[in-house]
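The chain contents come next:
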Amino acid sequence: MRLQSFGAACTVTGSMHLLTLDGGRRILIDCGLFQGGSEMEARNHEPYPFDPAELDAVILTHAHLDHVGRLPLLVNRGYRGPVYCTPPTAALAETVLLDSARLQVEGYRQDLRRARRQDREHEVLPPLYDEEDVHRALALLRPVLEFGQHTDVAGLRVTPERAGHILGSAYLLLECRDGRLIMSGDLGNRESGLQLDFTPPPQADAVVLETTYANRTHRAWPETLAEFSNALRQSVRANGKILIPSFAIERSQTILHALKKLMDSGEVPRIPVFLDSPMAARATRAYFGFGDELVPEVRDTLRAGEDPFAPSTLHEVLTGDESQRINRYDGPAIILAGNGMMTGGRIQHHLRHHLWKPGTSLIIVSYQSPSSLGGQIVAGADTVQIMGENIAVRAQVHTIGGFSAHADQEDLLAFLETAGSPHVWLVHGEVPVMDAFLPKLAARGLKGDIVLDRQEVELMGSGFSGGRPPGLALDPVATGVKVEAGE
Ligand SMILES: [Zn+2]
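Residues numbered from 1 in each chain as written. Predicted model: local features only at pLDDT ≥ 70, side-chain atom pairs only at ≥ 80, totals over all residues.

Per an unreviewed UniProt entry, the protein chain is named Metallo-beta-lactamase family protein, RNA-specific, and its organism is Deinococcus marmoris.

Okay, here's the thing in structure tokens:
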């Protein structure tokens, strides 16, 4: 069984792995968008070195944009076969892809207007796809994958298991004549407030493992919740607006649930909560249909007919006008808005209105890439550019790291514990992070290799080969900007 990666090799974005089986059958695992800066995003336009029409199947591990975002493009380029996923992944993928198409088209129009003024229209790349393309891709979804149940995919026995990363996320056990392979997809943080832990994997001959946070340890969930509660109480005392930039899928639901808990228990006063993200509101509906997938506390709340994602003071803000009107609301209030790295979306106008006021609090609950607006604020910038204006940073900034949806180093090592002694192929990580993880594998008697971009890897069996040749230095800079994977 051979692997070739066209994304998430020496980087954390654009997951797309091609498996070639005996007899030339080809299965694509994930079809994600590259995110995080124009250089990285330009890679989305690259042609594939294979003919999409000749693929036998596509399997999606979960609905984050960096795992599903190039699917409509694959269909535009000729793919017409089945796209397997779990039912919750199908539900979330619709929200994620339609939003992506809207951003593609809006971004294109904006770039074109700017380019016209500079007489360089010819340089503007067309949108990757539009809403119509998304609907053609959604029509190919086969949400038939169930955790623990085998499905035959192009003659390969595929068993999805719970990955505990976001709603519906799966890792895959693939069995063929060569042996047993595990494709990890993205694995979850076992200290998550919403997701059940990943299922311990069975013995395998090879594991293709994500390594996003393979060099880190996250805080425990109770500590994270206490830290969040402290930040909120301090912020309420400051009597201003509390801004929480948040991604629409999983992070918004995690934060809403935490707010409900803290307000219901009286730890945090019941001040208004504005969810200023129609996409997050839509994604939350998908969670209602799959309560059994969530931690018992949330599942039981749903079974009792209550909404675990709705603090009693919640207002869902739908239109742009309503969003503007929040800024005229007097008194303290919590505003959750996208996007999580503050590089666009409604959070920007809230920041422009409030970041310069000393009473404002900014609570950061997601990873911020250094080049993003959020990254500049975290680094301590005195002023930042927002919507073409210089804005002073006078707000209190709180950073809370424990809300990550990704496995940390201990989670990844725990995942490998039950897998026997597989060869471990590292993907979905930055080179320095993967380099730091290799000795941890060796200490447990496991052999590991870094999968290079577009390199043909023989994953297992007698002829297995691939990985970094001895002595080859990998340039961490060339491997791209780190983004909070998938959001
Ligand atoms: Zn993900």
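Draft legend 1. Main features of the UniProt feature "domain: Beta-Casp" (unreviewed entry) in the protein chain. As annotated in UniProt, the feature "domain: Beta-Casp" (unreviewed entry) corresponds to residues 252–377 in the numbering used here. As a span, residues 252–377 carries 40% helix and 13% strand, and end to end its C-alpha atoms are 21 Å apart. (UniProt positions renumbered as here; feature names shortened; annotations may be inferred. Helix = DSSP H or I, 4+ residues; strand = E, 2+ residues; numbered from the N terminus.)

Draft legend 2. Layout of the domain arrangement of the protein chain. Each assigned domain of the protein chain is listed with its residue range as follows: domain 1 (2–216 + 404–479) and domain 2 (221–399). Distance between the C-alpha centres of domain 1 and domain 2: 29 Å. Taken together, the contact pairs 18 residues of domain 1 with 20 residues of domain 2. Partitioned by chemical class, the residues of the side of domain 1 that touches domain 2 number 10 nonpolar, six polar and two charged. (Domains from an automatic or database assignment. Contact = placed C-beta atoms within 7 Å. Nonpolar A, V, L, I, M, F, W, Y, C, P; charged D, E, K, R; others polar.)

Draft legend 3. Representation of the confidence of the model for the protein chain in the model. Within the protein chain, residue pLDDT values average 92, and 96% of them lie at 70 or more. Scored below 50 in pLDDT, residues 476–487 makes 48 contacts in the model with residues more than four places away or belonging to other chains. (pLDDT = per-residue confidence, 0-100.)

Draft legend 4. Geometry of the environment of valine 397. With respect to the element layout, valine 397 can be found in strand E19 (residues 396–399). You can call valine 397 partly exposed: it has 17 C-beta atoms within 10 Å. In sequence terms valine 397 and lysine 440 are 43 residues apart; their C-alpha atoms lie 35 Å from each other. Here valine 397 is in contact with Leu362, Ile364, Ile377 and Val378, once residues within four sequence places are set aside. (Buried ≥ 20, exposed ≤ 12 C-beta atoms within 10 Å, placed from the backbone.)

Draft legend 5. Spotlight on the sheet that holds strand E13 (residues 273–276). An order of E14-E13-E15-E12-E16-E19 is seen for the six strands of this open sheet, with the pairing classed as parallel. Each of the sheet's edge strands pairs with one partner strand only, and the pair in question is strand E14 (314–316) and E19. If you compare each strand with its neighbour and ignore which way they point, the axes differ by 20° on average. Examined bridge by bridge, E13 and E14 share three bridges and lie parallel to one another. Among the inter-strand pairings, valine 273 is bridged to a residue of E14, identified as leucine 314. (Pairing = 2+ DSSP bridges. Axes fitted to C-alpha atoms, helices over the stretch in contact; angles between N-to-C directions.)

Draft legend 6. Main features of the sheet that holds strand E4 (residues 57–59). A sheet is described by the order of its strands in space; here seven strands give the open sequence E6-E5-E4-E3-E2-E1-E22, paired in mixed fashion. Two strands bound the open sheet, and with one partner strand each, they are strand E6 (141–142) and strand E22 (457–458). Pairing between strand E1 (residues 2–5) and E22: two bridges, direction antiparallel. Within E22, the position partnered with arginine 2 by the bridge is glutamate 458.

Draft legend 7. Layout of the nonpolar core. Ranked by size, the top nonpolar core spans 130 residues in total, and within it Ile59, Ala93, Leu172, Val207 and Trp425 carry the most contacts. Considering each element in turn, this core owes the most residues, seven residues, to helix H4 (residues 87–117). Shared between two domains, this core holds at least three residues of each, these being domain 1 (2–216 + 404–479) and domain 2 (221–399). With residues up to four places along the chain from it excluded, the contact list for isoleucine 59 reads Ile27, Ile29, Tyr84, Val153, Val158 and Leu172. (Core = buried A, V, L, I, M, F, W, Y, C linked by C-beta atoms within 7 Å.)

Draft legend 8. The arrangement of the pairing of E13 in detail. Going residue by residue along E13, you find Val273 and Leu275 tucked away on one face and Phe274 and Asp276 tucked away on the opposite face as well. Relative to strand E15 (residues 333–337), E13 is paired through four bridges, and the arrangement is parallel. Its bridge partner lying in E15, phenylalanine 274 is registered against isoleucine 335.

Draft legend 9. Inspection of the pairing of strand E18 (residues 389–392) at higher detail. Bridge analysis of strand E17 (residues 383–386) against E18 gives four bridges, and the strand direction is antiparallel. Looking at E18, one finds that valine 384 is bridged to isoleucine 391. In sequence, E17 turns back onto E18 through a hairpin of two residues, with methionine 387 there showing a positive phi of about 50°.

Draft legend 10. Spatial organisation of the environment of glutamate 146. Note that glutamate 146 resides in the loop between E6 and strand E7 (151–153). Overall, glutamate 146 belongs to the partly exposed group, with 13 C-beta atoms counted inside 10 Å.

Draft legend 11. The packing of H4 against helix H8 (residues 278–288), seen in detail. Contact geometry of H4 with H8 gives a least axis separation of 9 Å together with a crossing angle of 170°. The orientation of H4 with respect to H8, classified from their angle, is roughly antiparallel. Facing Pro88, Ala91, Leu92, Thr95 and Asp99 of H4, the residues of H8 in contact are Met279, Arg282, Ala283 and Ala286. Of the residues belonging to the contact of H4 with H8, the class tally is six nonpolar, one polar and two charged. (Parallel < 35°, antiparallel > 145°, perpendicular 65-115°, else oblique.)

Draft legend 12. Geometry of unusual backbone geometry. Going from glycine 338 to asparagine 339, the amide bond is cis rather than trans, its omega being 0°. Along the chain, the position of asparagine 339 falls in the loop between E15 and helix H11 (347–354). With phi around 70°, aspartate 30 is a residue other than glycine that occupies positive phi space. Within the secondary structure, aspartate 30 sits in the loop between strand E3 (26–29) and helix H1 (38–42). When the 29 C-beta atoms within 10 Å are taken as the criterion, aspartate 30 is described as buried. Notably, glutamate 250 is not glycine yet its phi reads approximately 70°, a positive angle. Along the polypeptide, glutamate 250 turns up in the loop between strand E12 (241–245) and helix H7 (251–264).

Draft legend 13. Just the environment of valine 365, in detail. Within the secondary structure, valine 365 sits in the loop between strand E16 (361–364) and helix H12 (373–378). Note on valine 365: 25 C-beta atoms within 10 Å, which makes it buried. Counting along the chain gives 137 residues from valine 365 to phenylalanine 228, while the straight-line C-alpha distance between them is 8.9 Å. Leave out the neighbours within four places in its chain, and valine 365 touches Ile244, Ser246, Arg251, Ile255, Ile400 and Phe403.

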